[in-house]
Amino acid sequence: MTPRTHRSDPDSDGPDPAARTTFRIPGTRLRASRSVVATRGSLVLAAVTLLAVGAPVATVVHGVPVPLALLVTAVLSATLLVAPARPRSATAVHLIALTGLGVLAAPGTAGPWPLPVTAMIGLSVLLVVLGLRTPWRTTAVAWGASTVLTLVLVAATPSRWDQPDVWVSTLVVSAGSGLLIGAAAVLLGQRRAVGAELVAARQDAEQQAGARRAVEERARIARELHDVVAHSMSVVHMQAESAPYRVTDLPPAAREEFATIAATSRTALREMRQLLGTLRGDEDAERAPQPGLTDLPALVGSTRAAGLAVTLDVRDDAATDDAAVDDAAVDDAAVDDAAVDVGAVGSVTQLTVYRVVQEALGNVVRHAPGADTTVIVQVSVAAVAVVVTNARAPLAPPPPADDGGYGLAGMRSRVAALDGTLDAGPTADGGFRVAVTLPRHPDGDPR
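Residues numbered from 1 in each chain as written. Predicted model: local features only at pLDDT ≥ 70, side-chain atom pairs only at ≥ 80, totals over all residues. Heavy atoms only, no water.

This brings us to the overall build of the protein chain. Check the secondary structure of the protein chain and you find 12 helices and eight strands. Counting only residues that meet the buried cut, the protein chain has 34% of its 447 residues in that class. Look at the contacts in the protein chain between residues 6 or more apart in sequence, and 63% of them connect residues 24 or more apart. (Helix = DSSP H or I, 4+ residues; strand = E, 2+ residues; numbered from the N terminus. Buried < 20%, exposed > 50% of the residue type's maximum accessible area, 1.4 Å probe, protein only. Contact = heavy atoms within 4.5 Å.)

Structure below.
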């Protein structure tokens, strides 16, 4: 049964799992892994011990000159420290040093030979490092090379042939102990590698399962939106389109009102189709044109048709001094490219501006119907500022029962995603003000 892992809660009083495997280095803000420090500390201890014991043994027991004993033993110790990072190079240098030590100890008669006891211990430590951190073939090659090296040293030293008990026992002990220790290290290393692969596979499976659940949830939301919202909007559109034909003697104002409702419902259906395509993973829907600054006059016009007195003022301080377009005076006004360089504002910023204005005007219609409202969009060199202000409503009804209260939260999320700022709150005269500042070109926004 696989043990379950739990994430730590920063606000909980329980111990942090990361604190059990790491510790803070005194005097710094750095943290180190306990297992890594323990492994490296063991290697340092083994290397220092080999240097402290190996050199005197080589000098006193085997008659190796002190400088050469210190040099060879230092090389053997250093290779143990380098082996985790450079296993093949460290192994090659270690075997060369073992050869040198065997040659230097050959003139003597003491045993063990051609590998002293300290050399066999150092070789065993090296095989442990190789078995834990490298493929098993590297460890097997190192063990085989050390065994062959022992036989070569014996074959190249005729003066030692008359002491078979010394070199045979050395060969059996070194080869046997190296085989057992190397095999154990390889098995432990393979177990660790398999465990790491299982953890990685489990993480991949969890990520794939999460992605699959996200896709399924998006598909479910798309189905719900299609079955409920899109169907209802289609009914509204058809009723508004057919009303002039179904109802006789409609006054011109009523016909214009139905036409506005039909146009608004068509716009909502088009955006709904884009949203459904995005939820279903349709790339064409994600590349579909999104509303921007040039669509603000139409948005304001549809809001004005709902009985709200709205004034739109779009300024481009980066191009002209206080250039403005006031579509309150012109019915079919559009954002003039001469007044506002729309192409110089990122598409994501334009979409966010449109959604902020759309939500702010919707809130005015719901919470302050009939209140005079001003929409100011000011484009500067580095930012785009949006201010939507409404006066006190002549007769403010209570909030509608189906108002979810997520309008401002949604605006904050959109603005925060672009590293912008949002300030919303009541004004001194009893109205409400929404002020948003967005970067002209957020990071990653296509220009």
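Now for the side chain of His62. Relative to the assigned elements, His62 resides in the loop between helix 2 (34–60) and helix 3 (66–82). Look at His62 and you get buried, because its relative accessible area is 6%.

Once that is clear, we can look at the pattern of salt bridges. Going through the model one piece at a time under the given rule, you end up with five salt bridges. Glu217 is paired through a salt bridge with Arg220; the nearest N and O atoms lie 2.5 Å apart. Highlighted residues: Glu217 and Arg220, both in helix 7 (residues 164–246), separated by three residues, approximately one helical turn. Linking Asp313 and Arg315 is a salt bridge whose minimum nitrogen-to-oxygen distance equals 2.8 Å. For Asp313, a relative accessible area of 15% translates into the label buried. (Salt bridge = Lys/Arg side-chain N within 4 Å of Asp/Glu carboxyl O.)

Next up on the list: the nonpolar core. Among the nonpolar cores identified, the biggest contains 32 residues, and Leu296, Val353, Val357 and Val377 are the most heavily contacted of them. Going through the elements one at a time, helix 10 (296–305), strand 3 (310–316), helix 11 (347–367), strand 5 (373–379), strand 6 (383–390), helix 12 (407–417) and strand 8 (432–439) are the ones with two or more residues in this core. For this core, the leading source of residues is helix 11, giving seven residues. Once residues within four sequence positions are removed from consideration, Val353 is found in contact with Leu293, Leu296, Val377, Val384, Val386 and Leu438. Counting residues in hydrophobic clusters, the runner-up holds 31 residues, among them Leu127, Leu149, Leu153 and Val154. (Core = buried A, V, L, I, M, F, W, Y, C linked by side-chain atoms within 4.5 Å.)

The subject of this paragraph is the packing of helix 4 (residues 87–105) against helix 6 (residues 136–155). Remark: helix 4 packs on helix 6, axes separated minimally by 11 Å, with the N-to-C direction vectors making an angle of 20°. Regarding the angle of helix 4 to helix 6, the classification is roughly parallel. Handedness of the helix 4/helix 6 crossing: right-handed. Residue-level inspection shows Thr91, Leu95, Leu98, Thr99, Gly102 and Val103 of helix 4 in contact with helix 6, the latter providing Ala142, Ala145, Ser146, Leu149 and Leu153. Grouping the constituent residues of the contact of helix 4 with helix 6 by class yields seven nonpolar, four polar and no charged. (Axes fitted to C-alpha atoms, helices over the stretch in contact; angles between N-to-C directions. Parallel < 35°, antiparallel > 145°, perpendicular 65-115°, else oblique. Left-handed = near helix turned anticlockwise from the far one by under 90°. Nonpolar A, V, L, I, M, F, W, Y, C, P; charged D, E, K, R; others polar.)

This part covers the pairing of strand 6. Side chains Val384, Val386, Val388 and Asn390 of strand 6 all project onto a buried face; the interleaved residues Ala383, Ala385, Val387 and Thr389 project onto a face where none is buried. Bridge count between strand 5 and strand 6: seven bridges; the pairing is antiparallel. Residue Val375 lies in a different strand from strand 6, and its bridge partner there is Val388. Note that strand 6 and strand 8 share eight bridges and pair antiparallel. Paired with Asn390 across the two strands is Phe432, which belongs to strand 8. (Pairing = 2+ DSSP bridges.)

A grouping of Val44, Val48, Leu81 and Val82 is seen on the molecular surface, where their side chains present a nonpolar patch of about 310 Å² in accessible area. Looking at the nonpolar patch, the elements that each hand over two or more residues are helix 2 and helix 3. Here Leu81 shows up in helix 3. (Patch = residues over 30% accessible without salt bridge, like charges linked within 9 Å, V, L, I, M, F, W, Y side chains within 5 Å. Areas by Shrake-Rupley, 256 points an atom, 1.4 Å probe, with all protein chains shown as cover.)

On to helix 4, then. Because an α-helix packs 3.6 residues into every turn, residues spaced three or four apart end up facing the same way. Between the first and last C-alpha of helix 4 there are 27 Å, a value that for 19 residues agrees with the 27 Å anticipated at 1.5 Å per step. Of the positions making up helix 4, those classed as buried are Pro87, Ala90, Thr91, His94, Leu95, Ala97, Leu98, Leu101, Gly102 and Ala105. When helix 4 is viewed along its axis, its buried side chains cluster within an angular range of 165° and face the same direction. Residues Arg88, Ile96 and Val103 are exposed on helix 4 and point more than 90 degrees away from its buried face. (Expected span 1.5 Å × (residues − 1). Arc of directions from axis to C-beta.)

What follows concerns the pairing of strand 8. Here strand 7 (residues 421–426) pairs with strand 8 via six bridges, running antiparallel. The partner of Gly425 across the bridge, within strand 8, is Arg433. Joining the antiparallel neighbours strand 7 and strand 8 is a turn of five residues, in which Gly430 adopts a positive phi near 95°.

Where helix 10 contacts helix 11, the two axes come as close as 11 Å, and the packing angle between them is 10°. Considering their axes alone, helix 10 and helix 11 lie roughly parallel with respect to each other. Between helix 10 and helix 11, the contacting residues are Leu296, Leu299, Val300 and Thr303 on the first element and Val353, Tyr354, Val357, Gln358, Leu361 and Val365 on the second. Here the contact of helix 10 with helix 11 is composed, by residue class, of eight nonpolar, two polar and no charged.

Residue Pro114 follows Trp113 across a cis peptide bond; omega there is 10°. Along the chain, Pro114 turns up in the loop between helix 4 and helix 5 (117–133).

Helix length check: helix 3 (17 residues) gives 24 Å between terminal C-alpha atoms against 24 Å at 1.5 Å per residue, within 8%. All buried positions along helix 3 are accounted for by Ala69, Val72, Thr73, Leu76, Ser77, Thr79 and Leu80. Here the buried residues of helix 3 occupy an arc of 155° about the axis, which is enough to place them on one side. Pointing more than 90 degrees away from the buried face of helix 3 are the exposed residues Pro67 and Leu71.

Here we take up the environment of Gly108. Along the chain, Gly108 turns up in the loop between helix 4 and helix 5. Sequence separation between Gly108 and His62 is 46 residues, and the spatial gap between their C-alpha atoms is 5.8 Å.

Quick look at the confidence of the model for the protein chain now. The predicted model of the protein chain averages 80 in pLDDT, with 80% of residues at 70 or higher. In the predicted structure, residues 1–19 sits below a pLDDT of 50 and forms seven contacts with residues beyond four places in sequence or in another chain. Contacts for the low-pLDDT stretch residues 320–334, under 50 throughout, to residues beyond four places or in other chains number 28 contacts. (pLDDT = per-residue confidence, 0-100.)

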